[in-house]
Structures are given as C-alpha cells and as structure tokens.
Amino acid sequence: MFMANRSSNVTAIAVTARHVVLADWIFTTPAVLLHIHRHHVRVLCQRNRLRSVGIWWDCRCVS
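Treat the numbers as computed from the prediction; the structure is a model and nothing was measured. (Residues numbered from 1 in each chain as written. Predicted model: local features only at pLDDT ≥ 70, side-chain atom pairs only at ≥ 80, totals over all residues. Heavy atoms only, no water.)

**Student:** What am I meant to see in the overall build of the chain here?
**Tutor:** Scanning the chain from N- to C-terminus turns up two helices and zero strands. When the accessible area of the chain is evaluated, it comes to approximately 5700 Å², of which 66% is carbon and sulfur surface. (Helix = DSSP H or I, 4+ residues; strand = E, 2+ residues; numbered from the N terminus. Areas by Shrake-Rupley, 256 points an atom, 1.4 Å probe, with all protein chains shown as cover.)

**Student:** What am I meant to see in unusual backbone geometry here?
**Tutor:** Both trends apply: most residues other than glycine have a negative phi, and most peptide bonds are in trans. The phi dihedral of serine 8 is positive, around 60°, even though this residue is not glycine. Along the polypeptide, serine 8 turns up in the loop between helix H1 (2-7) and helix H2 (10-51).

**Student:** Help me understand the environment of valine 20, please; the structure alone is not making it clear to me.
**Tutor:** Of note, valine 20 is situated in helix H2. Using a relative accessible area of 41% as the deciding quantity, one classes valine 20 as partly exposed. For the pair valine 20 and methionine 1, spaced 19 residues apart in the sequence, the C-alpha separation amounts to 7.7 Å. (Buried < 20%, exposed > 50% of the residue type's maximum accessible area, 1.4 Å probe, protein only.)

In structure tokens:
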C-alpha cells in the first residue's frame, strides 16, 4: 500500500486498497468468529458448573 501510494498511480492505489481490504476480511473474520464462539462456550461452562453444585462437571472449557 505504501509503495502504491508513493507511485501516485490512482489505479494502482485502488487495486492495492481493494486487495488490502479483502485480505483484512479474510484474516480477521475467522478470528472474530472464533473469539465469539470461545466466549459462548466459556459462559455455558460456567453456567453448568453453577447449576451442578457439589458435582464437578468438567465440560473441557477453553481457558
């Protein structure tokens, strides 16, 4: 992106910007989805532990 901007070629800047945005979506979206999933698993594990007082129910929570 830096080199495309330095070239002052508007077409090169536009193509590079499109590729950067696409790469950002491709690499960021799975990480966000995994983070949300891990959070929900952790919450469900904590709720189940609280419900089963006296019995340790190991749900293999992600730490």
